[in-house]
Amino acid sequence: MRYLPLTQTDREAMLGVIGAKSVDDLFVDVPEAARLDGPVHGLPNHASELAVERHMSALARKNLAAGDVPFFLGAGAYRHHVPASVDHIIQRGEFLTAYTPYQPEIAQGTLQVMFEFQTQVARLLGCDVANASMYDGSTACWEAIVMARRVTRRGKAILSGGLHPHYVSVANTMAKFTGDQLVTALPTLSPEPDTLDLINQIDDATSCVVVQYPDILGRIEDMSALAEACHAKKALLIAVVTEPVALGAIRSPGEMGADIVVGEGQSLGVGLQFGGPYVGLFACSEKLVRQMPGRLCGETVDAEGKRGFVLTLSTREQHIRREKATSNICTSSVLCALAMSAHMTLLGEMGLRQLAEINHVSASAAADRLAEVDGVELVTDRFFNEFTIRLSKEARPVVRALADKGILAGVSLGRLYPDAPELANGLIVAVTETTTEEDVETLASALEEALA
Amino acid sequence: MSINQSGWRPTTPQAGESNGDTFTGNRALMLEEALIFEIGSTQTTGVDFGEAPSGKSRLDGLERTNTIGLPGLSEPEAVRHYTRLSRQNYAIDLGLFPLGSCTMKHNPRLNERMARLPGFADLHPLTPVDSCQGAFEVIHQLAHWLVTLTGMHSVAMSPKAGAHGELCGVLAIRAALDAKSEESRKVLLVPESAHGTNPATAAFAGFTVEDIPATEAGRVNLRALKERLGPDVAGVMITNPNTCGLFEPDMREISDAVHAAGGYVYCDGANFNAIVGRVRPGDLGIDAMHINLHKTFSTPHGGGGPGSGPVVFSEALTPYAPLPFVEKQGEQFVLVEEETAGEHHASSFGRMVAFHGQMGMFTRALTYILSHGADGLRQVAEDSVLNANYILRSMEDVLDAPFAKSGPCMHEAIFSDKGLPEGISTIDIAKGLIDEGFHPMTVYFPLVVHGAMLVEPTETESKATLDQFIGAFRSVAARARNGDPTVKTAPHHAPRRRLDETLAARKPVLVWKEPIRAEAAE
């Protein structure tokens, strides 16, 4: 077996040192009744590298990869071109196969990356500080709500209808157990998000208002007034960003007064990966830092006065405070954070702005083209690289029919909101730098046919 | 020269200025590397774009007007930056990484190649279900292996990491109790040897946590546990093999007692690699257990994540498991989500993550599992236990081994700082090992052992490597016992000497800021 270096001779010699007759003697603490006398039944034995590769490749071929077809899916996960060197960097064995940097003297590589990532994320989101990543955007969003409860000592969170329904769903699940009160709403197929409704609902029991930017329908709106309304009632504004590339073109949530900004960093460096692993972003203002969940890296000096980095403020964490910890999170998404950070470093400010510009104008042009199709109406008029159209018929079957023709047309609102017939005709279309004009033309023609 | 906001010198090479014993601060192949903020510029990019297509702006007043402050590097600069940084990391590809309770074993590159197949890597989570049947089949096959190996009834694949899996497990317990109108059961019993995530998870899910003491032999105190059971107890969270590296021989009795008292048994499965293929947790009466794919099934942990923590459930808890689920209906794989949940999942506690979990980790884990097969996985457990016992018996004469007399250990061996001279402690031994070219073991964990050193060699280490490690470990221990003062100041040969963690926590510097000019500061 290729991953196991011990020879039979080694094993016997080692048993001799241990003073055991056989390896079974090492399992004496396992009750007789629970011991298996041979390999588990019903599973195959080991296989060669070639055989495994064939098996996995055959499974992969059963899927329709995004890059092989005209592709317009977004809604929380985006397809961008990732420079080849990003994957090269994360496959460096010293990054890929390192563990959590518990011994900082020999983990400065990972730690410096975490510190650089924290700085990049804080700047991008417009906040003072950021942590070194969370599992993903949806769990980061719930952690932010919990943090707002801790900070304000209030238990009512108001979630915008524009928040990704899966994020709402995760929050609903958790709130059932923790007793948090959530106020939720469905989005409406209108050009403007529900900001006024949100403002009207803020009261003295409100811990936070959670808005997504751009929202699930692709809409963007200035949240300064909402931030003011929150602060007037001593509640926090939490902004959720699922498409960080947008922040190369539009104002950051921090700038508009958000107290906590969380997000999904998948879009930069990570790839679609069928939903994970992704990278959760979490940033906030300086005064809230000790309430922040997750892992943090801080700058310090070594015994010779040289700058170095360590994991810090771990007194907030589970391995010190146990049941009093700010969160139970132990692992983060450091390798994905490295991918995101390296992609941001390759882009730089100039590159990110160009990338954002290309995304925006391509999406804008695609929206115009699709709006020409009979039976298509553009719902959103202010957006970044994703917009919503209303079809003259239910979108979900249209998406399925187009997929059969090898066109991945977008995410139907029917899939995201199965219980809301009023949204059933909505289709979310994402356009990035990977989308060609031919792709848009193919989609437009296919929609024309499907809606005729 | 410039100083940063906290007042110490940056390591950016400064022209004409000596930095340590060389001009640059570098030492041959050991290269210092400044931060991207110090070497990059907002005018530099490592990515070329074509012409932006023509189209109108629809940002309408929300255009970003300020500078973000993101420095860029050209591609060669970026590759060099990260390559240099990587060389300041210890990694399993470089040598033994004996972190007990963490499990760091060889990461096969076949796993990486398979995870990068476009059919897996370039697949959107909301792609229509007919166009991702192969991905669902991966999830389904992996689920089948996990259920079969553990002897359990079902598995929830979506938890993102071990602690997220714990949360999944205890939420299912809560949901099951609520379904029986047993809301009053609010206490989760957590042995004091448990991972810190266990009590944190229980609290995060709304439970009250009560400790159960350990016996002198490093096991759960069965009598204390039984005495505490009652109508307010929801269940127990237990780690088996436990964090002292020992199998809980009373596991079945613990499970039976908890069940008889109306509670459920959660098992922290972080150490499943010690028993995989030899013991099925289902046979021990466990109701829920997470499996760290990055530990037992070798998906790389990338400097602290991502992880992946599927949770296996007993029949009793299966109806409460989270959605979504992948199921095979005839020849078709379907995704059971909230709206499609039939009777079988009607009582599910809901969704706990946006999409399907760590698909990229599933492909890696399945690749690893198929490579090993049922026979190989059994050998994994045997060799990991053999290697740990070999270290235990090779070290017990030079280091205190608190449970050595209790019999064999499982996949990890525990030592303590007892008997070391005043002023020399576990951390010094760890730092001494760094100079010897080894990553240290886990230190000061578990808390039940004073000055704990938890050593987990794993099964992918050869006898030659173990012998070299034992030689180094014995040498450092001997120097520590002899009061050799250099042990106190180790490491001497690492990229950094001991780092001031207290300073970092007292005056947190978490993001880089423009340095203040030295002359201005003076």
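Throughout, residues of each chain are indexed from 1 in the direction in which the sequence is written. Naming scheme: in the order in which they are written, chains are lettered from A and ligands are numbered from 1. Side-chain atom pairs in this predicted model are given and counted only at pLDDT of 80 or more, local residue features only at pLDDT of at least 70, and totals for whole chains, interfaces and linings cover all residues. Side-chain numbers come from the whole structure's heavy atoms, not from hydrogens or water.

J.: Help me understand the overall build of chain B in this model?
T.: Scanning chain B from terminus to terminus reveals 16 helices and 14 strands. A globule of 522 residues ought to have a C-alpha radius of gyration of about 24 Å, and chain B, at 26 Å, matches this closely. If you line up chain B on its principal axes, its C-alpha atoms span 75 × 75 × 45 Å. For chain B, with 522 residues in total, the buried portion stands at 66%. Segments assigned H or I by DSSP are reported as helices when at least four residues long, segments assigned E as strands when at least two residues long, and all are numbered from the N terminus. To get the radius of gyration, use the C-alpha atoms; to get the globule rule, take the number of residues to the power 0.38 and multiply by 2.2 Å. Any residue under 20% of the maximum accessible area for its type is buried, any over 50% is exposed, and the rest in between are partly exposed; the area is computed with a 1.4 Å probe on protein chains only.

J.: What is the right way to read the overall build of chain A from this model?
T.: In terms of regular secondary structure, chain A is built from 14 helices and 13 strands. A globule of 452 residues ought to have a C-alpha radius of gyration of about 22 Å, and chain A, at 25 Å, matches this closely. If you line up chain A on its principal axes, its C-alpha atoms span 80 × 55 × 50 Å. Taken over 452 residues, chain A has a buried fraction of 69%. A fraction of 72% describes how many contacts in chain A between residues 6 or more apart in sequence connect residues 24 or more apart. Note on areas: Shrake-Rupley with a 1.4 Å probe; residue coverage comes only from the protein chains shown. Here chain A has roughly 14300 Å² of accessible surface; of this, 50% comes from carbon and sulfur atoms. Neither His nor the chain ends contribute to the count of charged residues, in which Lys and Arg are positive and Asp and Glu negative. By convention, the charge on Lys lies at NZ, on Arg at CZ, on Asp at CG and on Glu at CD. One finds the centroid of the 38 positive side-chain charges in chain A at a distance of 6 Å from the centroid of its 56 negative side-chain charges. Contacts are assigned to residue pairs with any non-hydrogen atoms lying within 4.5 Å of each other.

J.: For this particular structure, what's the right way to read the nonpolar core?
T.: Among soluble globular proteins, nonpolar side chains are generally buried collectively. Residues Ile145 and Ile260 of chain A are the most contacted members of the largest nonpolar core, which totals 179 residues. Leave out the neighbours within four places in its chain, and Ile260 of chain A touches Ala144, Met147, Leu236, Leu237, Ile238, Ala239, Phe282, Ala283, Cys284 and Leu288 of chain A. In terms of nonpolar packing, the next biggest core, distinct from the first, is built from 126 residues, Ile238, Ile286, Val312 and Val385 of chain B among them. Nonpolar cores were defined as sets of buried Ala, Val, Leu, Ile, Met, Phe, Trp, Tyr and Cys residues, with membership established by side-chain atoms within 4.5 Å.

J.: How do you make sense of the UniProt feature "domain: Aminotransferase class V" (unreviewed entry) in chain B when you look at a structure like this?
T.: UniProt positions are given in the numbering used here, feature names are shortened, and annotations may be inferred rather than shown by experiment. Per the UniProt entry, the sites bearing "domain: Aminotransferase class V" (unreviewed entry) are residues 181–302 of chain B in this numbering. Helix makes up 24% of residues 181–302 of chain B and strand 20%. Its end C-alpha atoms lie 43 Å apart.

J.: It is not clear to me how the packing of helix H5 (residues 133–150) of chain B against helix H11 (residues 359–395) of chain B should be interpreted in this structure. Could you clarify?
T.: For any two helices packed against each other, one specifies the crossing angle of their axes together with the interaxial distance. Residues and elements named next belong to chain B. Closest axis-to-axis distance for the H5/H11 pair is 10 Å, and the angle between their directions is 45°. Here H5 is positioned oblique relative to H11, judged by the angle of their axes. Crossing of H5 over H11 shows left-handed handedness. On H11, the residues touching Ala135, Val138, Ile139, Gln141, Leu142, Trp145 and Leu149 of H5 are Met359, Phe362, Thr363, Ala365, Leu366, Ile369, Leu370, Gly373, Ala374 and Leu377. Here an axis means a line fitted to C-alpha atoms, over the contact stretch when the element is a helix, while the angle between two N-to-C directions is reported on a 0 to 180 degree scale. Here roughly perpendicular refers to angles of 65 to 115 degrees, roughly parallel to angles under 35, roughly antiparallel to angles over 145, and oblique to all remaining angles. In this scheme the crossing of two helices becomes right-handed for a clockwise turn of the near helix relative to the far one and left-handed for an anticlockwise turn of less than a right angle.

J.: Could you clarify how one ought to interpret the state of the cysteines in this entry?
T.: Structurally, a disulfide amounts to a covalent bond that connects the sulfur atoms of two cysteines. Residue and element names in this part refer to chain B. Here, two cysteine sulfur atoms that lie within 2.5 Å of each other are counted as a disulfide. Per the counting criterion, the structure on display carries zero disulfides over all chains. For the unlinked cysteine Cys409, the closest cysteine sulfur is that of Cys244, found at 11 Å. A relative accessible area of 3% means that Cys409 is categorised as buried.

J.: Explain the pattern of salt bridges to me, please; I cannot follow it from the model alone.
T.: Side chains that differ in charge, positive against negative, can pair when their charged atoms come close. Any carboxyl oxygen of Asp or Glu that lies within 4 Å of a side-chain nitrogen of Lys or Arg is treated as forming a salt bridge with it. In the structure shown here, the tally under the stated rule is 47 salt bridges over all chains. For the salt bridge of Asp428 of chain B with Arg498 of chain B, the shortest nitrogen-to-oxygen distance reads 2.9 Å. Taken together, the positions of Asp428 of chain B in helix H12 (residues 426–435) and Arg498 of chain B in the loop between helix H14 (486–489) and helix H15 (501–506) put the pair 70 residues apart, joining distant regions of the chain. Residues Asp467 of chain B and Lys463 of chain B are paired through a salt bridge, measuring 3.0 Å at the closest nitrogen-oxygen approach. You can see Asp467 of chain B and its partner Lys463 of chain B sitting in helix H13 (residues 463–481), four residues apart, about one turn around the helix. Residues joined in a network through salt bridges with shared partners are Asp24 of chain A together with Arg278, Arg378 and Glu382 of chain B.

J.: Looking at this structure, how should I read the UniProt feature "domain: Glycine dehydrogenase C-terminal" (unreviewed entry) in chain B?
T.: In the numbering adopted here, UniProt assigns the feature "domain: Glycine dehydrogenase C-terminal" (unreviewed entry) to residues 382–479 of chain B. The span residues 382–479 of chain B shows a helical share of 42% and a strand share of 8%, and its end C-alpha atoms are spaced 33 Å apart.

J.: Where do I start with the packing of helix H6 (residues 137–152) of chain A against helix H7 (residues 165–178) of chain A in this structure?
T.: Residues and elements named next belong to chain A. At a closest axis distance of 9 Å, the pairing of H6 and H7 adopts a crossing angle of 45°. By the angle between their directions, the pair H6 and H7 is classed as oblique. In the packing of H6 onto H7, the handedness of the crossing is right-handed. Touching Gly137, Ser138, Cys141, Trp142, Ile145 and Arg149 of H6 are Tyr167, Val170, Ala171, Met174, Ala175 and Thr178, all from H7.

J.: Whenever I open this one, the sheet that holds strand S5 (residues 233–239) of chain B confuses me. Can you help?
T.: Strand pairing in a sheet relies on backbone hydrogen bonds, with the paired strands running either antiparallel or parallel. All names here are of chain B. Between any two strands, pairing holds if DSSP finds at least two bridges. Across the sheet, seven strands lie side by side as S2-S8-S7-S6-S5-S3-S4; this open sheet has mixed pairing. The sheet is open, and its two edges are formed by strand S2 (154–156) and strand S4 (208–212), each paired on a single side. Recorded for the sheet is a direction-independent mean angle of 25° between the axes of neighbouring strands. Sheet analysis places S2 next to strand S8 (residues 311–313), joined by three bridges and oriented antiparallel. For Ala156, the partnering residue across the bridge sits in S8 and is Val311. Helix H6 (residues 162–179) rests against S2, strand S3 (187–191), S5, strand S6 (264–268), strand S7 (288–290) and S8 of the sheet, and its axis sits at about 175° to S6. Packing of helix H9 (residues 251–260) onto the sheet brings it into contact with S5 and S6, and relative to S6 it is tilted by some 145°.

J.: Can you help me understand the packing of aromatic side chains in this one?
T.: For any pair of aromatic rings, the description rests on two quantities: the centre-to-centre distance and the angle between the ring planes. Aromatic rings from Phe, Tyr and Trp, taking only the six-membered ring of Trp, are treated as a pair when their centres fall within 6.5 Å; an angle between ring planes under 30 degrees marks them as stacked, one over 60 as edge-to-face, and anything in between as tilted. A complete count under the given rule lists 13 aromatic pairs over all chains for this structure. Centre to centre, the rings of Tyr3 of chain A and Tyr368 of chain B are 6.0 Å apart; their planes meet at 0°, and the pair counts as stacked. In this pair, Tyr3 of chain A is assigned in the segment before helix H1 (8–18) and Tyr368 of chain B in helix H11, connecting two distinct chains. With relative accessibility at 9%, the residue Tyr3 of chain A sits in the buried group. The exposure class of Tyr368 of chain B is buried, given its relative accessible area of 1%. The ring of Tyr278 of chain A has Lys160 of chain B sitting right over it, with the charged end atom 5.7 Å from the ring centre. To sit over a ring, a charge needs its Lys NZ or Arg CZ within 6 Å of the ring centre and within 35 degrees of the ring normal. Stacked on the ring of Phe27 of chain A, the Lys or Arg Arg278 of chain B has its end atom at 4.2 Å from the ring centre.

J.: What is the right way to read helix H9 (residues 224–232) of chain A from this model?
T.: Given 3.6 residues per turn, any residue in an α-helix points the same way as the ones three and four places further on. All names here are of chain A. Buried within H9 we find Leu226, Ala227, Ala229 and Cys230. Down the axis of H9, the buried set is contained in an arc of 165°. They therefore lie on one face. Residues Glu228 and Ala232 are exposed on H9 and point more than 90 degrees away from its buried face. On its buried face, H9 sits against helix H8 (195–201), strand S4 (206–212) and strand S5 (236–241). Downstream of H9 by one or two residues, Lys234 has phi in the positive range, about 60°. What the arc measures is the spread of directions leading from the helix axis to the C-beta atoms.

J.: Can you help me understand the interface of chain A and chain B in this one?
T.: Where the parts come together, the accessible area they lose is often given as the size of the interface. On the side of chain B, 221 residues touch chain A, which itself brings 205 residues to the contact. For the pair chain A and chain B, the two sides together bury roughly 18000 Å², of which 62% comes from carbon and sulfur. Of all residues in chain A, Tyr99, Phe274 and Arg307 of chain A bury the most surface against chain B, accounting for 6% of the area lost on that side. Inspection of the chain A/chain B interface yields 13 salt bridges. The salt bridge partner of Arg219 of chain B is Asp29 of chain A, with a shortest N-O separation of 2.5 Å. N or O atoms closer than or at 3.5 Å make up a polar contact, with two conditions inside protein: a donor-capable atom paired with an acceptor-capable one, and, for residues adjacent in sequence, both atoms drawn from side chains. Here chain A and chain B share 102 residue pairs in polar contact (both at pLDDT 80 or more) between them. A total of 27 residues in the side of chain A that touches chain B trace back to one element, the largest contributor, which is helix H11 (residues 334–371) of chain A. Buried area: the accessible area, evaluated with a 1.4 Å probe, that two parts lose upon being put together, summed over both parts.

J.: Can you help me understand a negative patch on the surface in this one?
T.: Negative charge collects at one region of the surface, where Glu192 and Asp381 of chain A together with Asp60 and Glu63 of chain B lie side by side. Mapping Glu63 of chain B onto the fold places it in the loop between helix H1 (36–39) and helix H2 (75–86). Nonpolar side chains (Val, Leu, Ile, Met, Phe, Trp, Tyr) within 5 Å and like charges within 9 Å form the patches, drawn only from residues with over 30% relative accessible area and no salt bridge.

J.: It is not clear to me how the pairing of strand S2 (residues 156–159) of chain A should be interpreted in this structure. Could you clarify?
T.: Sheet faces and side chains relate simply in a regular strand, where the side chains alternate between the two faces. Residues and elements named next belong to chain A. Along S2, one buried face is formed by Lys156 and Ile158 and the opposite face, lined by Ala157 and Leu159, is buried too. In terms of strand pairing, S2 meets strand S3 (residues 181–183) through three bridges, oriented parallel. Paired with Ile158 across the strands is Val183, a residue of S3. Seen with its strands pointing away from the viewer, a crossover is right-handed when the path leading from the first strand over the helix to the second is clockwise. In this fold, the crossover linking S2 to S3 by way of H7 has right-handed handedness. Judged from the four bridges that link them, S2 and S4 form a sheet pairing that is parallel.

J.: Quick question: what am I supposed to make of the environment of Ile358 of chain A here?
T.: Considering the arrangement of structural elements, one finds Ile358 of chain A in helix H11. Beyond its immediate chain neighbours, meaning those up to four positions away, Ile358 of chain A contacts Glu433 of chain A together with Phe49, Gly50, Ala52 and Pro53 of chain B.

J.: How should the confidence of the model for chain B be read in this particular structure?
T.: Caution applies to low-pLDDT regions: their predicted coordinates should not be interpreted in detail. Residue and element names in this part refer to chain B. When pLDDT is averaged across chain B, the result is 92; 94% of the residues are at 70 or more. Between residues 518–522, whose pLDDT stays under 50, and residues either more than four places distant or in other chains, the model counts six contacts. Reported confidences for the modelled complex are a pTM of 0.96 and an ipTM of 0.97. pLDDT runs from 0 to 100 and stands for how confident the predictor is about each residue.

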